[in-house]
Amino acid sequence: MTFSESISQSSIQVLPPCRDLSVGVEAVIADIVTSLRSEFIETEYTKHYFKTLDNYRKMGQGVRVIGQRLSGKSKASKRYGELTEKKTAYTDVPANCSSKRMHERLLKAMRHANPGGRRTDLQAKLDGCIIPFGYEMILVDQGEKLQEEALEDLAALMGKRGIPVVVCGTPK
């Protein structure tokens, strides 16, 4: 993620809650690690990223988000997708992800009642539920793992429905 020089990140201090050490040090460490992995701390950087995604969503324009591994793209993108007022469908994709598999994952993210079927059926289901379900943006994480056909389907969906598609990934 590229950061603007006009944005500064204030330093924060995270204090762990008091822990019962009688359960063992390993258990306490495991609990702290789980807490840190599951929590999301919004910073000026994420506010800037969310505002940028908001602008692309309002303009109906797709975009690629590219950054190094472990730079925070996935966690911030997932958080943006979880915000209900954003009306965004978020999914990540497995390695060498086919178009069919991507459509299934997007339909599951949209809580479609029947996210299975053949590729052409899945395309029609996705195309038919975006507007009625109120989605305004599709966010696909790990975009470098998509097969060419899946990328073409996302472009076609964006062109046909005018819904912006954000593909996050690492540089190849």
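Here, residues in each chain are numbered from 1, in the same order as that chain's written sequence. Per-residue local features of the predicted model are confined to residues with pLDDT of at least 70, and side-chain atom pairs are confined, for both listing and counting, to 80 or more; whole-chain, interface and lining totals are unaffected and use all residues. Remark: hydrogens and water are excluded; side-chain values derive from all non-hydrogen atoms of the structure.

Enquirer: So what about the overall build of the protein? Which residues, and what values?
Expert: Within the protein, the secondary structure is distributed over 6 helices and 4 strands. Labels follow the DSSP assignment, with helices taken as runs of H or I lasting at least four residues and strands as runs of E lasting at least two, numbered in each case from the N terminus. Its helices and strands in sequence order give the protein the pattern α-α-β-α-β-α-α-β-α-β, from N to C terminus. Per-residue accessibility, obtained with a 1.4 Å probe over protein chains only, is compared with the maximum for each type, and a residue is labelled buried under 20%, exposed over 50%, and partly exposed between these values. Going through the 172 residues of the protein one by one, you find that 34% of them count as buried. By the convention used here, residues are in contact when the closest approach between their heavy atoms is within 4.5 Å. Relative to all contacts within the protein whose residues are 6 or more apart in sequence, the contacts with residues 24 or more apart total 68%.

Enquirer: Tell me about the packing of aromatic side chains, and please be specific about residues and values.
Expert: Note on aromatic contacts: the rings of Phe and Tyr and the six-membered ring of Trp form a pair at centre separations within 6.5 Å, being stacked when their planes are under 30 degrees apart, edge-to-face when over 60 apart, and tilted otherwise. For the coordinates displayed, the defined rule picks out 2 aromatic pairs. Measuring from ring centre to ring centre gives 5.4 Å for F50 and Y80, while their planes differ by 55°; the resulting arrangement is tilted. Here the residue F50 occupies a position in helix α2 (residues 44–59), and Y80 occupies one in helix α3 (residues 73–82), the gap between them amounting to 30 residues. Residue F50 is classed as buried on the basis of its relative accessible area, which comes to 6%.

Enquirer: Describe the packing of helix α4 (residues 99–109) against helix α5 (residues 119–129), listing the residues and the values that go with them.
Expert: At a closest axis distance of 9 Å, the pairing of α4 and α5 adopts a crossing angle of 35°. Crossing angle aside, the handedness with which α4 passes α5 is left-handed. Contacts between α4 and α5 pair S99, K100, H103, E104, L106 and L107 from the former with R119, L122, Q123, K125, L126 and C129 from the latter. The residue inventory of the contact of α4 with α5, partitioned by class, reads 5 nonpolar, 3 polar and 4 charged. Fitting a line to C-alpha atoms yields each axis, with helices limited to the stretch in contact; the angle taken between N-to-C directions then spans 0 to 180 degrees. Definitions for this section: a left-handed crossing has its near helix turned counterclockwise from the far helix by less than a right angle. A right-handed crossing has that turn clockwise. Polar here means any residue outside two lists: the nonpolar Ala, Val, Leu, Ile, Met, Phe, Trp, Tyr, Cys and Pro, and the charged Asp, Glu, Lys and Arg; Gly therefore counts as polar.

Enquirer: So what's going on with a nonpolar patch on the surface? Residues and values would help.
Expert: Patch membership requires more than 30% relative accessible area and the absence of a salt bridge. Residues of like charge join within 9 Å; the nonpolar side chains Val, Leu, Ile, Met, Phe, Trp and Tyr join within 5 Å. Surface exposure here means Shrake-Rupley accessible area, sampled with a 1.4 Å probe, where a residue is shielded only by the protein chains that are shown. Salt bridge, as used here, is a side-chain nitrogen of Lys or Arg placed within 4 Å of a carboxyl oxygen of Asp or Glu. A cluster of nonpolar residues, V25, I29 and V33, forms a patch on the protein surface that exposes about 240 Å² of accessible area. Overall, the relative accessible area of 52% leaves V25 in the exposed class.

Enquirer: Give a detailed account of helix α6 (residues 148–161), specifying residues and quantitative values.
Expert: The end-to-end C-alpha distance of α6 is 20 Å, a good match for the 20 Å that 14 residues give at a rise of 1.5 Å each. Taken together, the buried positions of α6 are A150, D153, L154 and L157. Along the long axis of α6, the arc covered by the buried residues comes to 100°, so they all point the same way. Opposite the buried face of α6, by more than 90 degrees, sit the exposed residues E148 and G159. Tucked into the core, α6 has its buried residues touching α4, α5, β3 (137–141) and β4 (165–169). One or two residues past the end of α6 sits G162, with phi positive at roughly 70°. Multiplying 1.5 Å by the residue count of a helix minus one yields the expected span of that helix. The directions from the helix axis to the C-beta atoms are what the arc is built from.

Enquirer: Kindly report on the packing of α4 against α6, identifying the contributing residues and their values.
Expert: Two quantities define a packed helix pair, namely the angle between the helix axes and the distance between the axes. It is at 8 Å that the axes of α4 and α6 come closest, and there the two elements cross at 50°. The angle between α4 and α6 places the two elements in the oblique class. In contact with S99, M102, H103 and L106 of α4, α6 contributes E149, A150, D153 and L154. Counted by class, the contact of α4 with α6 contains 4 nonpolar, 2 polar and 2 charged residues. Geometric relationships in this document are graded by angle, where less than 35 degrees denotes roughly parallel, more than 145 denotes roughly antiparallel, 65 to 115 denotes roughly perpendicular, and other angles denote oblique.

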